[in-house]
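# A look at the structure
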Amino acid sequence: MGHTSLEKIIALQKKTENIRNICILAHVDHGKTTLADCLISSNGIISSRLAGKLRYLDSREDEQIRGITMKSSAISLHFSTGEQEYLINLIDSPGHVDFSSEVSTAVRLCDGAIIVVDAVEGVCPQTQVVLRQAWLENIRPVLVINKIDRLIVELKLTPQEAYIHLQKLLEQINAVTGALFTSKVFEERAEKETETQSSSADGDQVYDWSVGLEETDDSQLYFSPDQGNVVFASAIDGWGFSIDHFAHLYSQKVGIRSDVLRKTLWGDYYLNTKVKRIMKGAQAKGKKPLFVQLVLENIWSLYEAVTQREKEKIEKIINSLGLNISSRDLRHYDPKVHLNAICSQWLPLSKAVLSMVCNKLRSPLDISAERVEKLMCAMLRRFDSLPFETQELKRAFMECRSDDTAPVIIFVSKMFPVDPKFLPQKKQRPLTLEEITQRRDLARKRHAEKLLAYQGQQSSEQTLMEDGPKTDSDGESIMGSVQQQSITEQETLPQKTETEVEEKEHFVAFARVYSGLIKRGQKVFVLGPKYNPAEAVNKLPLGCAPTDGFPPIPHMACCTLEDLFLLMGRELEDLQEVPAGNVLGIGGLEDYVLKSATLSTSLACPPFTPLNFEATPIVRVAVEPKHPSEMPQLVRGMKLLNQADPCVEVLIQESGEHVMVTAGEVHLQRCLDDLKQRFAKIEITVSDPIIPFRETIIRPPKVDVVNEDIGRQQKVAVIHQVKQEQNKLPEGVVVDSDGLITMNTPNKLATISVRAMPLPEELTQLLEEKSDLIRTMEQLNLSLKEGGDSHAISQKTLEDIQEFRNMLDQHFKGRRWRNATDQIWAFGPRRYGPNILLNRIEGHQRPSVWYCLKQKTEESVIYRDFGNSIVSGFQLATLSGPMCEEPLMGVCFVLERWDLSKQLTQVHSQDSVEQDETQELQQIKDEISETENSTLVPEDQTNNGKRQENIPYPGRTPNSTHREVSDCYGPFSGQLIATMKDACRYAFQVKPQRLMAAMYTCEIMATAEVLGRVYGVLSKREGRVLQEEMKEGTDAFIIKAVLPVAESFGFADEVRKRTSGLASPQLVFSHWEVISSDPFWVPTTEEEYLHFGEKADSENQAHKYINAVRKRKGLYVEEKIVEYAEKQRTLSKNK
């Protein structure tokens, strides 16, 4: 197929039913970009010879060097089959785990996905991740099993063995899809069960797990070649086929109908040559399956003939297939060239893949109602709870109309930077014949003028040589000064224009039109993620357009679509308008959109559900300019980087450091390169990675370091560790034998008692998983306390909160945790972390965290005023622990006592009466001031300020703390915050303290020869092997291990170096794990003294991490610089 013109693509954009928006998803190095090259070459954009070598969609230099894709790129392709013409909007996405956020941005804009799987490596971790991402976005996948040539060339499998291998591979992929499907069915059934149980009476019920699965249709769910959603391919050799191709081919030769062959070519069927019928039971009767006999054996024989250079056999195959191979390809010495030339004509990969895409994947018109509702229901809303006008927009999604009456709905999934010289305005267009003629005449004229000037210059030089050069009054040569002036002018002019161009960085929005027709220069609303359509519908008329003047609405702005682009990989093409259902680029949104946004002409349009990011940013570095004067360029560059990368986080710490948080080592390197070379364009200094840790406590251990039972008879009285720890506590802090800390505020008006307890591990994990729900719960409680409408809360959110509460009840087991769920006062840090504050004060009732579930409690006025101070102290204590100022995790603080002095309560009661009186006086004063002239002098100013003490200023509420605390201790609420914080820290310190490290899960595929080297690198870096299994049908082992993030930097490079590139790890953040060693351990038992000695100076990993963090934060570190120093002895003077 020749090169497709821009006019053709613009015409195809208007046929919505023939548009396919697809993305290519796979694990790293499974052949996505090579497959994309083959599809692009079918449109004549690149040569078919360069497919797989050029990697056209990898436009970055570091992508070409590393050989991996780092960003998602789009291109529009034209495909015709029969009388139908299709427009394929293809998006290539990265496979490396560090860039999985780019996969999320690609999946959101698509209606289908091509899942690419390596035939040898099979289902890898990232394969499961991309299948889950496609499932969560409700898009239909098709499968391409790539690198079939490796089964022939590398593994040397026979066709029968390859068939069995491919069968097992399909089973593994379908198992992943089936698990996702099953979990969804069970969730839906559980929701129905809760609804029926609430209405029906209680009774014994038998739970049948298979009921929901039997009723649900899964016919289109699994990958199967006979359904036409699987293609077998070798992208590097340029061939691929589906069952349909061979069914059509053999139906003409064998005389069996193609629909029969389509059902029997894959499966346990064989051809009975005697009766010329297809029979079932090939495996039981020891017969070759049809797929082996009719498909694989032919491919195997072709590879065998080409690799062994059997010229006669190759010519016979070419003639029998009716192919036209050029003599140049036949003469080539490389067998790969022969294979590519023969297979690309016999089994063209682009035709097989694109025909499967057009037949099996949905068009934008076929978007499912379930997906539309999921996109429209952000922030845990239910579709039923949305305004009526918003629900009406569902029809616009489903119809996908492109007329002027349809509302415009666009989703921007990311912003990507574009070099100004690649913009269509700067691109050189081809010249017409008239322009070429004009330029030729102009060039000839300039050449003649230069020739005349040169001849005149030579004649003047001769006269100057004879008469001497003319000088001005200062004695300088006039000619030299003129030449110098012209040179400086020529040098300065282009520099100014270059700097002007460099200052402006252009961003293009990667977007899709879901409804309506957008035109260049059109005005639309930009809706932020917190935009509430109900609020806008109530404030503004429904027909309000972006061009009308309107009052400001929170989280909404109005912008103009300056430029519309057709995305063609590395190039952009100008468009005047884009109909619904198409993927496009939009220019001019950099001032309105940070990373993603929803654009619409309708105020009732809700913001889309936020993108689902699989990778968690975990690697932090501090960045500063090499020259301090360049700090503004660094700040500007980091803002641009934050906008350009969907996953990176840029923040400024309290210390003033500019910190960048990335998903991994490769992602970090890419971000630093972009910052230095593109956005900031300055030299920067990068700190060592800032490793995150967590602090926690555990239950007292039952065995010592040498695994001996801790008993009284083993204690030695050399070091009294417990007494030393108690002596470290300041004066006024009382500790009982059970670890209860009692403290007074500095002014002795309040006493609090706090105890710290470790949370169960399952409960900590639950709090981590439900952090978003806890945050939503806090927001709901706050809005309800401020008088918000309880009916606006969606039923689904309330059900989730109730379910979360029930799960907490299940995890709080034992006498210590009795009624703990009802006693929860707050979560921390930041009110949604994995730590809990329990209220066990006798007689103190306070608003519960379950306030949104209508469980209201009255609270005494005195406690209510200072309750926030207690919570604030708890938040500060959990935000920075005592070991190294890192956040706490898995700790429960129990407030068991809170006494306030009688003096404070009396003053508070007097102030509350005075407050009522002063409020009445203030109301009377306001009424008087409204009726009288504002220029009258107030009465309290003429009375020497005596009444001013009794009547407060407007907006100031008299508080007991202002009257009571007149000494040097400051406001009482501040004292209470500091006391609560210190009490929590001391309660934490009297328990066994431990450090928690962030852990990566690591999966490595390696052969048996290099297995020992991989284990050596893992053990050196504190790694732990969880599982080792052999990949069936290969000689490779799959090693699953966990590795601390602190030890992971340089791990991938070291593994590759030690194994000569035969093993490459994938690191994904997994969990937090307690480091077993006590960071403050000293020997206390006889066995520990015998084993470690009195000094016990062996390396303590946890203590090493703590010291490193404390040094970085500028905290005190107790270490000896020199120990047992002696005078130097020399040979000449031995003294």
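Parameters at a glance
- Counting starts from 1 at the beginning of each chain's written sequence and moves along it residue by residue.
- Local features in this predicted model are restricted to residues whose pLDDT is 70 or higher, and side-chain atom pairs enter the listing and the counts only when it is 80 or higher, whereas totals over whole chains, interfaces and linings include all residues.
- As a convention, hydrogens and water are excluded, and side-chain values are obtained from all of the structure's heavy atoms.
- Here, strands pair whenever DSSP counts at least two bridges between them.
- A helix here means a DSSP run of H or I that spans at least four residues, while a strand means a run of E at least two residues long, and both kinds are numbered starting from the N terminus.
- Each axis is a line fitted through C-alpha atoms, taken for helices only over the stretch in contact, and angles between the N-to-C directions span 0 to 180 degrees.
- By the convention used here, residues are in contact when the closest approach between their heavy atoms is within 4.5 Å.
- Between Lys or Arg on one side and Asp or Glu on the other, a salt bridge is scored when a side-chain nitrogen of the former is within 4 Å of a carboxyl oxygen of the latter.
- A 1.4 Å probe rolled over the protein chains alone gives each residue an accessible area, and that area as a share of the maximum for its type sets the label: buried under 20%, exposed over 50%, partly exposed in between.
- Put simply, two rings from Phe, Tyr or Trp (the six-membered ring, in Trp's case) pair if the centres are within 6.5 Å, and we call them stacked under 30 degrees between planes, edge-to-face over 60, tilted for the rest.
- Two thresholds decide whether a charge sits over a ring: the Lys NZ or Arg CZ must be within 6 Å of the ring centre and within 35 degrees of the ring normal.
- Looking at any residue, its pLDDT shows the predictor's confidence there, from 0 to 100.
- Here, patches come from residues exposed beyond 30% relative accessible area and free of salt bridges, joined within 9 Å for like charges and within 5 Å for nonpolar side chains (Val, Leu, Ile, Met, Phe, Trp, Tyr).
- In this description, accessible areas are obtained by the Shrake-Rupley approach with a 1.4 Å probe, and a residue is regarded as covered only by the protein chains that are shown.
- Residues scored as positive are Lys and Arg, those scored as negative are Asp and Glu, and His as well as the terminal groups of each chain are ignored.
- Here the site of a charge means atom NZ of a Lys, CZ of an Arg, CG of an Asp or CD of a Glu.
- By nonpolar core is meant a set of buried Ala, Val, Leu, Ile, Met, Phe, Trp, Tyr and Cys residues that side-chain atoms within 4.5 Å join together.
- For the purposes of these results, a polar contact is taken to be a pair of N or O atoms within 3.5 Å, where, inside protein, one atom must be able to donate a hydrogen and its partner to accept one; residues adjacent in sequence count only when each atom of the pair is a side-chain atom.
- To estimate the expected span of a helix, count its residues, drop one, and scale the result by 1.5 Å.
- Consider a residue and the seven residues that end there alongside the seven that start there; fitting an axis to each set, the bend is the angle between those axes.
- Roughly parallel here means an angle under 35 degrees, roughly antiparallel means over 145, roughly perpendicular means 65 to 115, and every remaining angle is called oblique.
- Take the far helix as the reference: if the near one is turned anticlockwise from it by less than a right angle, the crossing is left-handed, and if turned clockwise, right-handed.
- Polar here means any residue outside two lists: the nonpolar Ala, Val, Leu, Ile, Met, Phe, Trp, Tyr, Cys and Pro, and the charged Asp, Glu, Lys and Arg; Gly therefore counts as polar.

### Observations regarding the sheet that holds strand β20 (residues 619-625)
Each strand in a sheet pairs with its neighbour through backbone hydrogen bonds, running either in the same direction (parallel) or in the opposite one (antiparallel). The four strands lie next to each other as β21-β22-β20-β23, forming an open sheet whose pairing is antiparallel. Edge positions in the sheet fall to β21 (649-652) and β23 (684-686), since each of these pairs with one other strand and no more. Between one strand axis and the next, the sheet turns through 30° on average, direction left out of account. Of the strand pairs in this sheet, β20 and strand β22 (residues 658-662) are connected by five bridges, and their pairing is antiparallel. Across the sheet, the residue bridging to Arg 620 is Val 661, located in β22. Of the strands in this sheet, β20, β21, β22 and β23 are in contact with helix α21 (residues 631-644), which crosses β22 at around 25°.

### Quick notes on the pattern of salt bridges
Taken as a whole and assessed by the stated rule, the structure comprises 37 salt bridges. In this structure, Glu 297 and Lys 288 form a salt bridge, with 2.5 Å as the shortest nitrogen-oxygen distance. Its relative accessible area of 25% is what places Glu 297 among the partly exposed residues. Linked through salt bridges whose partners overlap, the residues forming this network are Asp 118, Lys 147, Arg 150 and Glu 154.

### Some remarks on the packing of aromatic side chains
Tallied over the entire structure, the rule returns 25 aromatic pairs. Taking the centre distance of 6.0 Å and the plane angle of 75° together, the rings of Phe 1069 and Trp 1072 count as edge-to-face. Through successive ring pairs, a cluster of aromatic residues spans Tyr 163, Phe 232, Trp 239, Phe 241, Phe 246, Tyr 250, Trp 266, Phe 291, Tyr 303 and Trp 346. Sitting over the face of the ring of Tyr 514, Arg 512 holds its NZ or CZ atom 4.5 Å from the ring centroid. It is Arg 775 that lies over the ring of Tyr 832; its NZ or CZ is 4.1 Å from the centre.

### Re the sheet that holds strand β30 (residues 891-900)
Strand order in the open sheet made by the six strands is β25-β26-β27-β30-β29-β28, with mixed pairing throughout. Looking at which strands have only one partner, the edges of the open sheet turn out to be β25 (734-735) and β28 (824-828). Two strands pair when backbone bridges link them, and strand β27 (residues 750-758) and β30 are joined in this way by nine bridges, in the antiparallel orientation. Within β30, the residue paired with Met 757 across the bridge is Cys 892. Against the sheet, helix α30 (residues 972-989) touches β26 (741-744), β27, β29 (835-839) and β30, its axis set at about 35° to β27.

### Re the confidence of the model for the protein
When pLDDT is averaged along the protein, the result is 80; 79% of the residues meet or exceed 70. Taken together, the stretch residues 198-207 has pLDDT below 50 and engages in four contacts with residues farther than four places along the chain or on a different chain. Note on residues 712-723: pLDDT under 50 across the span, and 20 contacts to partners over four residues away in sequence or across chains.

### Topic: unusual backbone geometry
The omega torsion of the bond from Gly 828 to Pro 829 falls at 0°, within 30 degrees of zero and hence cis. Inspection of the secondary structure puts Pro 829 in the loop between β28 and β29. Residues other than glycine seldom take positive phi values, yet Arg 55 does so here, at roughly 50°. Structurally, Arg 55 is set in the loop between α2 (32-41) and α3 (61-66).

### What to know about a positive patch on the surface
On the surface, a cluster of positive charge is made up of Arg 699, Lys 702, Arg 815, Arg 816 and Arg 818. Within the secondary structure, Arg 699 sits in the loop between β24 (693-697) and α23 (721-728).

### Quick word on the side chain of Thr 1007
Residue position: Thr 1007 is located in strand β31 (residues 993-1007). Judged by its relative accessible area of 16%, Thr 1007 is buried. If we skip the residues at most four places from it in the chain, Thr 1007 touches Asp 1035, Ala 1036, Phe 1037 and Leu 1062.

### Considering the nonpolar core
Membership of the largest hydrophobic core comes to 105 residues, with the highest contact counts inside it found for Ile 145, Phe 291 and Ile 299. In this structure, Ile 299 is in contact with Ile 152, Trp 239, Phe 241, Trp 346 and Leu 347, ignoring residues within four places of it in sequence. Ile 410, Leu 1043, Val 1045 and Leu 1067 belong to the second-largest nonpolar core, a separate cluster that totals 104 residues.

### As for the side chain of Asp 98
The residue Asp 98 is located in the loop between β3 (84-92) and α4 (100-108) in this model. Within the buried core, Asp 98 has no salt-bridge partner, and the shortest N-O distance to an opposite charge, that of Arg 66, equals 8.1 Å. Within the local environment of Asp 98, its side chain forms a polar contact with the backbone nitrogen of Glu 665, the two atoms lying 3.4 Å apart. A distance of 3.3 Å separates the side chain of Asp 98 from the backbone nitrogen of His 667, its partner in a polar contact. Contacts of Asp 98, omitting those with residues within four sequence positions, involve Ala 663, Gly 664, Glu 665, Val 666 and His 667.

### Some thoughts on the pairing of β21
For β21 and β22, the ladder comprises four bridges, and the chain directions are antiparallel. The residue of β22 that forms the bridge with Leu 651 is Val 659. Hairpin connection, β21 to β22: the antiparallel pair is bridged by five residues, and Gly 656 has positive phi, about 95°.

### Some words on helix α11 (residues 290-307)
Over its 18 residues, α11 runs 25 Å from end to end, which matches the ideal 26 Å to within 8%, given 1.5 Å per residue. Bending of α11 peaks at approximately 40° at the position of Leu 296. Taken as a whole, α11 has its buried residues at Leu 290, Phe 291, Val 292, Leu 294, Val 295, Leu 296, Ile 299, Trp 300, Leu 302, Tyr 303, Ala 305 and Val 306.

### Re the packing of α21 against helix α22 (residues 665-679)
Packing of α21 against α22 brings their axes to within 10 Å, and their N-to-C directions diverge by 125°. Considering their axes alone, α21 and α22 lie oblique with respect to each other. Of the two elements, α21 crosses α22, and the hand of that crossing is right-handed. Contacts from Leu 634, Arg 636, Gly 637, Met 638, Leu 640, Leu 641 and Ala 644 in α21 reach Cys 671, Asp 674, Leu 675 and Phe 679 in α22. Broken down by class, the residue content of the contact of α21 with α22 amounts to eight nonpolar, one polar and two charged.

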